[in-house]
Amino acid sequence: MEHHDNTPQIEVQPADKAKIWGIWKVMLILLAVTAVEFVIAFTMESGAIKTFIFVILTIVKAFYIVGQFMHLSHEKKSLIWAILLPTMFIVFLLFILSYQGSAIFSLLY
Amino acid sequence: MSNTTVLVDGGKMSAWAGGTEPMKASYGKLMMWFFLLSDAFTFSALLIAYGMTRFSYPAYEGAIEDFVFSQAYWPVPEKVFEAVPFLHGVSLPLVFVGIMTFILILSSVTMVLAVEAGHRMDKTAVEKWMLWTILGGLTFLGCQAWEWSHFIHGNGGVGANLSINEYGPPNFAALFFFITGFHGFHVFSGVVLNFIIFYQTTVGKLEKRGHYEMVEKVGLYWHFVDLVWVFVFTFFYLV
């Protein structure tokens, strides 16, 4: 068999303009959401509703970062669930420790 | 034609016996995902601990204008973080942390562009975007160093350390150091990893390998660092 050259021919493919624009579009969405959060931080009375809006907007940002930047939306269904399902333990921890925090508060004050 | 392809008798092998990749992701990428999942637990634990501690202290009630730092209640973050470098004495609440968020999101974008260039085997573009990503990471670390320094020295009060701080209850500063410190350490590790992959790109190691999957793997880690910052920004600075 003929000896092959060790350096394979590299073919640089041209960039797909639409794909690049898609990446920048995600960035614009992330910046826009952050700007909205900023405005809300200074214009709304603090309370449960404000916190709720912040949580929703943060999840929106997380959705774009994990789904588009980390490419999870384009992976196999099984991989998506393997990553998403275990995060319900985080929700569980959030509930029990919020409860715990209020319990400590009512003990001390 | 290609002398790197290894033929496996795919027809007889089951998916989990090495015939095909489980979940259509390479071993390295899959393990990076599971590592990041475990890291997400660690960060969630820290942030939820912050929430719990905050709930166990009284909240400040009253007009924002009349707010003064006190040990009696949890501080309002926008009153603590209102300094910007070179603008001494000007009250610009959350502006600097907003700039830091912007820098980290931008460096995440340059990382996606590096991954995209890697798919096209465009070595020069990978180098360029990796370099921008590293620069973004270093800038973020610099900003954080300034913020820590300002936080520790304080605004004419006792400043802050792990046992006492001028802003509020001791736990406030302790959690600030823990959470932003742990995140900053991740950014630092990310910059180191990015630099290693940048180096391997420039010397042509990845090109010789025939693919730029390593860029994707460190990219996953880098985006995760950005993701964590999004949560830290909301739950530490905004709420």
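Residues numbered from 1 in each chain as written. Chains lettered and ligands numbered in written order. Predicted model: local features only at pLDDT ≥ 70, side-chain atom pairs only at ≥ 80, totals over all residues. Heavy atoms only, no water.

Mind showing me how you'd approach the interface of chain B and chain A here?
Where the parts come together, the accessible area they lose is often given as the size of the interface. With 53 residues of chain B at the contact, the number on the chain A side is 52 residues. Approximately 4700 Å² of surface area, both sides summed, lies buried where chain B meets chain A, with 80% of it carried by carbon and sulfur atoms. The tally of links from chain B across to chain A stands at 0 salt bridges. For the pair chain B and chain A, the interface holds 2 residue pairs in polar contact (both at pLDDT 80 or more). Mapped onto the side of chain B that touches chain A, the elements with two or more residues apiece are helix 1 (27-55), helix 3 (95-119) and helix 7 (213-238) of chain B. Take the side of chain B that touches chain A: its biggest share by element is 14 residues, from helix 1 of chain B. (Contact = heavy atoms within 4.5 Å. Buried area = accessible area lost by both parts, 1.4 Å probe. Salt bridge = Lys/Arg side-chain N within 4 Å of Asp/Glu carboxyl O. Polar contact = N/O pair within 3.5 Å; in protein donor to acceptor, adjacent residues only side chain to side chain. Helix = DSSP H or I, 4+ residues; strand = E, 2+ residues; numbered from the N terminus.)

So what exactly am I meant to see when it comes to the environment of proline 169 of chain B here?
Residue and element names in this part refer to chain B. Topologically, proline 169 is positioned in the loop between helix 4 (123-153) and helix 5 (170-202). Its relative accessible area of 1% is what places proline 169 among the buried residues. Measuring from C-alpha to C-alpha, the distance between proline 169 and alanine 72 comes to 7.2 Å, with 97 residues separating the pair along the chain. Apart from the residues within four sequence positions on either side, proline 169 is in contact with Tyr57, Ser70, Gln71, Tyr73, Trp74 and Pro75. (Buried < 20%, exposed > 50% of the residue type's maximum accessible area, 1.4 Å probe, protein only.)

What is the right way to read empty space enclosed by the protein from this model?
To find leftover empty space, one rolls a probe the size of a water molecule over the atoms. Residue and element names in this part refer to chain B. In total, this model carries 1 cavity of 30 Å³ or more according to the counting rule given. Roughly 70 Å³ of volume is contained in the largest cavity. The wall of the largest cavity is formed by Val80, Phe81, Glu82, Ala83, Trp146, Glu147, His150, Phe151 and Tyr167. By residue class, the composition of the lining of the largest cavity is 6 nonpolar, 1 polar and 2 charged. (1 Å grid on protein atoms, 1.4 Å probe; cavity = no way out; pocket = protein on both sides within 12 Å on 5 of 7 lines; lining within 4 Å. Points joined across faces, edges and corners; volume = space filled by probe spheres on them. Nonpolar A, V, L, I, M, F, W, Y, C, P; charged D, E, K, R; others polar.)

Any chance you could explain the domain arrangement of chain A here in plain terms?
Per the domain assignment, the segments making up chain A are domain 1 (15-74) and domain 2 (76-109). The straight-line distance from the C-alpha centre of domain 1 of chain A to that of domain 2 of chain A is 22 Å. (Domains from an automatic or database assignment.)

Even after reading the chapter, I still don't get the packing of aromatic side chains, so can you show me in this structure?
What describes a pair of aromatic rings is the distance from one ring centre to the other and the angle between the planes of the rings. Residues and elements named next belong to chain B. Throughout the structure, instances matching the rule amount to 36 aromatic pairs over all chains. Residues phenylalanine 35 and tyrosine 221 carry aromatic rings whose centres are separated by 6.4 Å and whose planes lie at 20° to one another, so their mutual orientation is stacked. Note that phenylalanine 35 is positioned in helix 1 and tyrosine 221 in helix 7, a separation of 186 residues in sequence. Measuring from centroid to centroid gives 6.1 Å for phenylalanine 151 and phenylalanine 172, while their planes differ by 50°, and the two rings are tilted. Within this pair, whereas phenylalanine 151 is found in helix 4, its partner phenylalanine 172 is found in helix 5, the two being separated by 21 residues in sequence. In this pair, the class of phenylalanine 151 matches that of phenylalanine 172, namely buried. (Phe/Tyr/Trp six-rings, centres within 6.5 Å; stacked < 30°, edge-to-face > 60°.)

Looking at this structure, how should I read the nonpolar core?
Most often, soluble globular proteins keep nonpolar side chains buried together rather than apart. With 89 residues, the main nonpolar core has Phe151, Phe236 and Tyr237 of chain B as its most contacted residues. In terms of residue count, helix 7 of chain B provides more of this core than any other element does, 16 residues in total. Taken domain by domain, this core gets at least three of its residues from each of domain 1 (15-74) and domain 2 (76-109) of chain A. Discounting chain neighbours no more than four positions away, the residues touching phenylalanine 236 of chain B are Tyr50, Pro77, Phe81, Phe172, Leu175, Phe176, Ile179 and Phe231 of chain B. (Core = buried A, V, L, I, M, F, W, Y, C linked by side-chain atoms within 4.5 Å.)

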